[in-house]
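Secondary and tertiary structure notes
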Amino acid sequence: MEPDRINKEVNKLACLALFWLLPLPFLSGADDVAFPSGDITLHGVVYRPEGKGPFPAVVYNHGSAAGMIGKTGFDALGPVFASHGWVFFGPYRRGQGLSASAGPYIGDRIAAAEKNRGIAAGAETMVRLLATDHLNDQLAALAWLRKQSFVQANRIAVAGTSFGGIEVVLGAERGSYCAAIDSAGAAQSWADAPAVQSLMKASVRNAHAPIFFFQAENDYDLSPSKVLSAVMKDARKPYEVKIYPPYGNSRQEGHAFGYFGSAVWADDVFRFLDQRCRKK
């Protein structure tokens, strides 16, 4: 089988695993860690470059998928960041993955609100949880990472996909990051959730870190990247935006581009990180 064909088949299987729970072997090399978020304990995975460091680092925010699906994405991304000299920290927010026992799953809470009070109530619940409990978890991960001896505390970036991309935007406003990478944040919820639009617009307008927005052309909705980058331009905030060619054969696979498409976006992302997070 030709190399290009093999790569396409591997990418397809990875995307299917993300959305339909097909078992894929986890890569080795990650350290499981625990860290506090208020009065609860959360867990995450850390990939480190070779050598003693200290290294620049990224806090990577996972999406909303239930269970351990996020670990498939982390195992795809961790080695990529480590091979480029970056510590990769994938914290699990309360209710998901290794932190499932730390609180209710956000998807269940959104679904319950939508069932009882309609779509607007589901969107309001999503906004409230992402901007409070889940943002607190992200900032707790940042605080933990900043204290590690193998990390350059003034060179920590934030990144994320889907719901994690929403968290990236919130973190760019509230956290002390050197740069932010938003892949497909709110692409599935943008059109039906004006409250999410308002939240993200306000956050990018007040962002303290430059943001790189990117999506695959066949993602669910390209409006988030286009609208939010325009807001940053209007606010004279530093940003970049790029829409890549279609990835995979479906909207779901296009939405997973941030997890599995590093062969396409890595040069752009690491150029952005290296420029914005230069040694001081």
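Residues numbered from 1 in each chain as written. Predicted model: local features only at pLDDT ≥ 70, side-chain atom pairs only at ≥ 80, totals over all residues. Heavy atoms only, no water.

As a further point, take the overall build of the protein. Broken down by element type, the protein carries 11 helices and 8 strands. Counting contacts in the protein only where the partners sit at least 6 residues apart, residues at least 24 apart contribute 72% of the total. For the protein, the computed accessible surface area is about 12300 Å², with 52% contributed by carbon and sulfur atoms. (Helix = DSSP H or I, 4+ residues; strand = E, 2+ residues; numbered from the N terminus. Contact = heavy atoms within 4.5 Å. Areas by Shrake-Rupley, 256 points an atom, 1.4 Å probe, with all protein chains shown as cover.)

What follows is about the packing of helix 7 (residues 194–205) against helix 8 (residues 223–234). Look at helix 7 against helix 8: their axes get within 9 Å of each other, and the N-to-C directions meet at 35°. The way helix 7 lies across helix 8 gives a crossing that is right-handed. Seen from helix 7, the contacting residues are Met200, Lys201, Val204 and Arg205; seen from helix 8, they are Val227, Leu228, Val231, Met232 and Asp234. (Axes fitted to C-alpha atoms, helices over the stretch in contact; angles between N-to-C directions. Left-handed = near helix turned anticlockwise from the far one by under 90°.)

Here Ala34 lies in strand 1 (residues 31–37). You can call Ala34 partly exposed: its relative accessible area is 42%. (Buried < 20%, exposed > 50% of the residue type's maximum accessible area, 1.4 Å probe, protein only.)

Here the focus is the confidence of the model for the protein. Per-residue pLDDT for the protein has a mean of 89; in total, 90% of the residues score no lower than 70. Within the model, the stretch residues 1–28 combines pLDDT values under 50 with 36 contacts to residues more than four positions away or in other chains. (pLDDT = per-residue confidence, 0-100.)

Our next topic: the packing of aromatic side chains. Given two aromatic rings, their pairing is described by the distance between the two centres and the angle made by the two planes. For the structure shown, the criterion picks out 19 aromatic pairs. Judged by centre distance (5.8 Å) and plane angle (85°), the rings of Phe214 and Phe257 are edge-to-face. Placement of Phe214 in strand 7 (residues 211–216) and of Phe257 in helix 10 (residues 257–260) is noted, with a sequence separation of 43 residues between them. Phe257 matches Phe214 in its accessibility class, with the two residues each being buried. One aromatic cluster is present, formed by Tyr47, Tyr60, Phe74, Phe81, Phe88, Tyr92, Tyr259, Phe260 and Phe270 through successive ring pairs. (Phe/Tyr/Trp six-rings, centres within 6.5 Å; stacked < 30°, edge-to-face > 60°.)

Time to look at the environment of Gly51. Mapping Gly51 onto the fold places it in the loop between strand 2 (40–47) and strand 3 (55–61). A sequence separation of 99 residues divides Gly51 from Phe150, and the C-alpha atoms of the two residues are 9.5 Å apart.

Now for helix 2 (residues 69–83). Burial analysis of helix 2 places 12 of its 15 residues in the buried class, which makes it a mostly covered element. All buried positions along helix 2 are accounted for by Ile69, Gly70, Lys71, Thr72, Gly73, Phe74, Asp75, Leu77, Gly78, Val80, Phe81 and Ala82.

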